[in-house]
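Examination of the molecular architecture
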Amino acid sequence: MVGEAKLIENRVGKPVSTDDLFRFIKSVISDEQQEETGPFYVLDLGATRSLVETWFHNLPMVQPFYAVKSNPNPAFLKEMAALGTGFDCASLHEIETILSLGVSPDRIVFANTCKPESHIKYAAKVGVNLATFDSNCELEKIKKWHPKCELLIRIKVPEASGSAFMFGSKFGALPEEIVPLLKAAQEAKLQVVGVSFHIGTGAINFHSIQGAIEAAKTTFDFAAQLGLPKMHILDIGGGFTSGPKFTDAASAVKVALQKYFPGELADSSLKIIAEPGYFFANSPFTLATSIIGKRERGDVKEYWINDGVWGSMNILKDDHDEVICTPLTIKNPTCEGLKTWNSTVFGPTCDPNDTVLKGFKLPELDVNDWLVFHNMGAYTSSRGNDFNGFKTSAIPTYILALMPPRKQEK
Ligand code: PLP
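Here the structure is a predicted model, which means the values were calculated and not measured. (Residues numbered from 1 in each chain as written. Predicted model: local features only at pLDDT ≥ 70, side-chain atom pairs only at ≥ 80, totals over all residues.)

A short note on the domain arrangement of the chain
The domain boundaries assigned to the chain delineate domain 1 (7-45 + 282-402) and domain 2 (72-276). Computed from C-alpha atoms alone, the centre-to-centre distance between domain 1 and domain 2 is 35 Å. For the side of domain 1 that touches domain 2, the residue count by class is four nonpolar, five polar and one charged. (Domains from an automatic or database assignment. Nonpolar A, V, L, I, M, F, W, Y, C, P; charged D, E, K, R; others polar.)

Put into structure tokens, the structure is as follows:
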């Protein structure tokens, strides 16, 4: 969600440098120093563009359908639409949001295996004609409300160990359920055009993609044996992270595609799509929070900040990533050369588990100093809530926009 957006120019069209990012954050803080400033995000659209370029450079044969749920910030979605991605929508409201950007319905996959009937009806009305399923009940609803919809059977696959979110306990047909589901679709005269899966968000080791693509190939073969029209879409889901791990993940995907779908790759008869959320959403967003309280317990300095695990840092509840933060004081902006202390950082709510950092080295900070958290886009604002009245949904986002180069002045 976005409270207020302020545009500044990011002329280069690449990620802003850390120095420029901090200069911008300081300008927001000092503009608003007179009053207590709440937390805010900074979205770097240059970083967004460069991630999309990285994706197409490494996986040119895989069309990304950005998973809107990971961060539905309007400026971010608009940029993704302009950069030519498709969208994975989970609900009527997400579809509505994407269509309102002028994106055509054929750039949307309705990738929630269990959809309310009213949402299926809406998809039929607006022409979203590609959706996932993994149960008989879903087939019955689709038969009733959207029989022309093309379907991807979502299968349960071996998940990547260490993922932040694993999906297999809730999503995906079990191996023994696949053939009965394909038969049920065939009898209902529904078109199953392909297979989807998800190996887990924040997959540390992408080698499990091999097993997932192999399982997809087996499903394609089952469909052929049943006499269904040839499947032609493979949806490899999400799980990607940006940075050096992405090139390894992309190589693992390419090796597995080559192994299991060599003919289809050679004659381009297979449409390959993915549903990355974390990859695109995480690194372009930075979160600035301020210190609202302080206490000393022995050698440990304890701080309270104005956002926490019921807000932007909710991913910590899933035992995921440590958050990476940089302190920022107004007096000594870089905090460089300062003595550091073992510190604990609490979020603002009355929940004792609302603890963001423990045993983290920080210089001595004061109320109204700032902690800046990097890589804070994925499943942060979209997944936080308003517990204790601290409204994640009202945190504003400042946008470092891309601007065309200024005309030469005469
Ligand atoms: N597709 C589906 C169906 C999902 O449920 C999710 C995440 O919850 C995603 C894609 C995005 O996954 P990731 O953020 O790991 O790329």
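Regarding the nonpolar core
With 113 residues, the main nonpolar core has Phe 110, Leu 151, Ile 153, Val 192, Val 195 and Val 253 as its most contacted residues. Among the elements that take part in this core, helix α8 (residues 208-225) stands out by supplying six residues, more than any other. In this structure, this core is formed jointly by two domains, domain 1 (7-45 + 282-402) and domain 2 (72-276), each of which donates at least three residues. Those residues in contact with Ile 153 that lie beyond four places of it in its chain are Phe 133, Asp 134, Ala 173, Ile 178, Leu 181, Leu 182, Val 192, Val 195 and Thr 219. (Core = buried A, V, L, I, M, F, W, Y, C linked by C-beta atoms within 7 Å. Buried ≥ 20, exposed ≤ 12 C-beta atoms within 10 Å, placed from the backbone. Helix = DSSP H or I, 4+ residues; strand = E, 2+ residues; numbered from the N terminus. Contact = placed C-beta atoms within 7 Å.)

Things to note about helix α7 (residues 175-187)
For α7, the complete set of buried residues consists of Ile 178, Leu 181, Leu 182 and Ala 185. The buried residues of α7 all sit within an arc of 100 degrees when viewed along its axis, so they share a single face. α7 presents Glu 176, Pro 180 and Glu 187 as exposed residues on the side facing more than 90 degrees away from its buried surface. In the core, the buried residues of α7 are packed alongside α6 (136-145), β7 (150-154), β8 (191-196) and α8. Following α7 by one or two positions, Lys 189 adopts a phi angle in the positive range, close to 60 degrees. (Arc of directions from axis to C-beta.)

Quick word on the site of the ligand
In the vicinity of the ligand there are 17 residues, among which Ala 67, Thr 201, Gly 238, Gly 277 and Tyr 278 approach most closely. Counted by class, the shell around the ligand contains seven nonpolar, seven polar and three charged residues. (Near = placed C-beta within 6 Å.)

With respect to the packing of helix α4 (residues 92-99) against helix α5 (residues 117-126)
Following both chains from N to C, one finds α4 and α5 inclined at 25 degrees, their axes separated by 9 Å at the closest point. In terms of axis orientation, α4 runs roughly parallel to α5. Here α4 contributes Leu 92, Ile 95 and Leu 99 to the contact with α5, which in turn contributes Ser 118, His 119, Tyr 122, Ala 123 and Val 126. Looking at the contact of α4 with α5, its residues break down into six nonpolar, two polar and no charged. (Axes fitted to C-alpha atoms, helices over the stretch in contact; angles between N-to-C directions. Parallel < 35°, antiparallel > 145°, perpendicular 65-115°, else oblique.)

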